[in-house]
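The chain contents come next:
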Amino acid sequence: MVVVDAQAQIVFMSDRDWNDWQWEIYVMDTDGDNQRNLTNTPGDDEYPSWSPDGKQIVFTADRSGKDWNRQIYVMDADGSNQRNLSDNDFDDWDPAWSPDGKRIAFASQRNAPTEIYVMNADGSKPKNLTNLRLPDYGPSWSPDGRHIAFYSWRDGNMEVYVMDADGGNPKNLTNNARSDTNPSWSPDGKRIAFESWRDRNGEIYVMDADGSNPRNLTNHPFKDWEPSWSPDGRRIVFVSDREVDGNPEIYVMDADGGNPKNLTSHPEDDLAPAWFGPAFSVAPAGKTLTLWGQVKQADR
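Residues numbered from 1 in each chain as written. Predicted model: local features only at pLDDT ≥ 70, side-chain atom pairs only at ≥ 80, totals over all residues. Heavy atoms only, no water.

- Looking at an unreviewed UniProt entry, the chain carries the name Protein TolB homolog, with the source organism given as Geodia barretti.
- According to UniProt, the comment filed for the chain under the heading Sequence similarities (unreviewed entry) is "Belongs to the TolB family." (UniProt positions renumbered as here; feature names shortened; annotations may be inferred.)

Here it is as structure tokens:
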């Protein structure tokens, strides 16, 4: 049995076990040590998010054998007791646990196109929050649980939005001609990190929670994406393909963009990091796995 001390863990997804090029959920210490596979099952396991108490991990699993039928699963933090929460005939993915532990937001195609849904933590009472008939992705809860950030096509390109936790009062925060995706709230609720292509290259940006004062943290010629804050707000974990072999790795940097460090250093792909913090444990939104996942599946 894997023993997991969630107080000092980053959960992520990787295809390093060559299980027919399938994704598995891994966990590691915050310095990159003790990397281990939690799921180790046939089918893709992706997009992990910690429960606020660190006892469980919610994730996406594709185990039905049907096309476009990913489901929301939950497991204990050691990988045991895996079970299907959403259990329907449509595609559900990208879960994010609410800070109070009572709800899980996720993306779903059950009312196509993709919409943001929320359900109780046991999978009951799913509810469509966006319901605009335009694609919405990547929910990320504010630390107080009152708002959900997400990204949407509704203005003709990908923009970061925020709405009330019941779906009310949606507001465009980024308003930029280039794509902005993958929002992640800082633990104090004052800032949102996100991925932007406004410099014609994927970079990690941060802005104030009202959308003001956007600034580039990475400013690197290679692509950087999928930010997630440390529980003390002093560091950000993210994905980058800046290594010589060009495959995605999990990096960490200071919250101002300084001191980037590769945590995984593995020849296979590592994605979707989520840093556990008892007051703030939701996963980064969006997870640009869309790109890497499609490449992997196309190569199968």
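And the narrative resumes.
### Quick word on the environment of Glu 249
Okay, step 1: Within the secondary structure layout, Glu 249 lies in strand S22 (residues 249-254).
Okay, step 2: We classify Glu 249 as buried; its relative accessible area is 2%.
Okay, step 3: Residues Glu 249 and Asp 269 lie 20 residues apart in sequence; the distance between their C-alpha atoms is 6.4 Å.
Okay, step 4: A polar contact is formed between the side chain of Glu 249 and the side chain of Thr 264, at a distance of 2.6 Å.
Okay, step 5: At 3.0 Å, the side chain of Glu 249 forms a polar contact with the backbone nitrogen of His 266. (Helix = DSSP H or I, 4+ residues; strand = E, 2+ residues; numbered from the N terminus. Buried < 20%, exposed > 50% of the residue type's maximum accessible area, 1.4 Å probe, protein only. Polar contact = N/O pair within 3.5 Å; in protein donor to acceptor, adjacent residues only side chain to side chain.)

### Side note on the pattern of salt bridges
When the charged atoms of two side chains lie near each other, side chains of opposite charge can form a pair.
Okay, step 1: Counted according to the given criterion, the structure contains 12 salt bridges.
Okay, step 2: With a shortest N-O distance of 2.8 Å, Asp 91 and Arg 70 are connected by a salt bridge. Linking Asp 91 in the loop between strand S7 (83-84) and strand S8 (92-97) with Arg 70 in the loop between strand S5 (56-62) and strand S6 (71-76), this pair joins segments that are 21 residues apart in sequence. Exposure class is identical for Asp 91 and Arg 70. Each is buried.
Okay, step 3: For Arg 154, the salt bridge is made with Asp 136, and the minimal N-O distance between the two is 2.9 Å. In this pair, Arg 154 is assigned in the loop between strand S13 (147-152) and strand S14 (159-164) and Asp 136 in strand S12 (residues 136-141), connecting sequence segments 18 residues apart.
Okay, step 4: For Asp 136, a relative accessible area of 0% puts it in the buried group. (Salt bridge = Lys/Arg side-chain N within 4 Å of Asp/Glu carboxyl O.)

### As for unusual backbone geometry
Okay, step 1: With omega at 5 degrees, the peptide bond leading from Ala 112 into Pro 113 counts as cis.
Okay, step 2: Looking at the secondary structure, you find Pro 113 in the loop between strand S9 (103-108) and strand S10 (115-120).
Okay, step 3: Unusually for a residue other than glycine, Asn 40 sits at a positive phi of about 50 degrees.
Okay, step 4: Checked against the element boundaries, Asn 40 lands in the loop between strand S3 (36-37) and strand S4 (44-50).
Okay, step 5: On the accessibility criterion, Asn 40 (57% relative accessible area) is exposed.
Okay, step 6: Even without being a glycine, Asn 81 presents a positive backbone phi close to 60 degrees.
Okay, step 7: Along the polypeptide, Asn 81 turns up in the loop between S6 and S7.
Okay, step 8: Its relative accessible area of 46% is what places Asn 81 among the partly exposed residues.

### Focus on the confidence of the model for the chain
Okay, step 1: For the chain, the average pLDDT comes to 89, and 88% of its residues sit at 70 or higher.
Okay, step 2: A low-confidence stretch, residues 1-6 (pLDDT under 50), is modelled with 16 contacts involving residues beyond four sequence positions or located in other chains. (pLDDT = per-residue confidence, 0-100. Contact = heavy atoms within 4.5 Å.)

### Focus: the packing of aromatic side chains
Okay, step 1: Tallied over the full model, the rule gives eight aromatic pairs.
Okay, step 2: Aromatic side chains Phe 238 and Tyr 251 sit 5.7 Å apart centroid to centroid with 35 degrees between the ring planes, which places their arrangement in the tilted category. Of this pair, Phe 238 sits in strand S21 (residues 235-240) while Tyr 251 sits in strand S22, and the two are 13 residues apart along the sequence. Note on accessibility: Phe 238 and Tyr 251 belong to one class, buried. (Phe/Tyr/Trp six-rings, centres within 6.5 Å; stacked < 30°, edge-to-face > 60°.)

### Considerations on the sheet that holds S21
Okay, step 1: Judged by pairing direction, the sheet is antiparallel, and its four strands sit side by side in the order S20-S21-S22-S23 without closing on themselves. Each edge of the open sheet carries a strand with a single partner, namely strand S20 (224-229) and strand S23 (261-262).
Okay, step 2: Note that S21 and S22 share six bridges and pair antiparallel. Each bridged residue has a counterpart across the sheet, and for Val 237 the counterpart in S22 is Val 252. (Pairing = 2+ DSSP bridges.)

### Some remarks on the nonpolar core
Okay, step 1: Counting 34 residues, the largest nonpolar core has Met 13, Trp 50, Ile 250, Leu 263 and Leu 271 as its most contacted members.
Okay, step 2: When residues of this core are traced back to their parent elements, those giving at least two are strand S1 (9-14), strand S2 (24-29), S4, S5, S6, S21, S22 and strand S24 (270-275).
Okay, step 3: Leave out the neighbours within four places in its chain, and Leu 263 touches Ile 10, Met 28, Thr 30, Asp 31, Gly 32, Gln 35, Val 237, Ile 250, Tyr 251 and Val 252.
Okay, step 4: In this structure, Ala 105, Val 118, Trp 141 and Ala 165 belong to the second largest nonpolar core, which totals 11 residues. (Core = buried A, V, L, I, M, F, W, Y, C linked by side-chain atoms within 4.5 Å.)

### Some remarks on the side chain of Glu 24
Okay, step 1: Here Glu 24 shows up in strand S2.
Okay, step 2: Within the buried core, Glu 24 has no salt-bridge partner, and the shortest N-O distance to an opposite charge, that of Arg 63, equals 6.1 Å.
Okay, step 3: Within the local environment of Glu 24, its side chain forms a polar contact with the side chain of Thr 39, the two groups lying 2.6 Å apart.
Okay, step 4: A polar contact of 3.3 Å, which involves the side chain of Glu 24, links it to the backbone nitrogen of Thr 41. (Lys, Arg positive; Asp, Glu negative; His and termini not counted.)

### Describing the sheet that holds S9
Okay, step 1: Strand order across the open sheet formed by four strands is S8-S9-S10-S11, with antiparallel pairing between neighbours. The open sheet terminates on both sides in strands that have one partner only, identified here as S8 and strand S11 (127-128).
Okay, step 2: Across six bridges, S9 lies against S10 in antiparallel orientation. For Ala 105, the partnering residue across the bridge sits in S10 and is Val 118.

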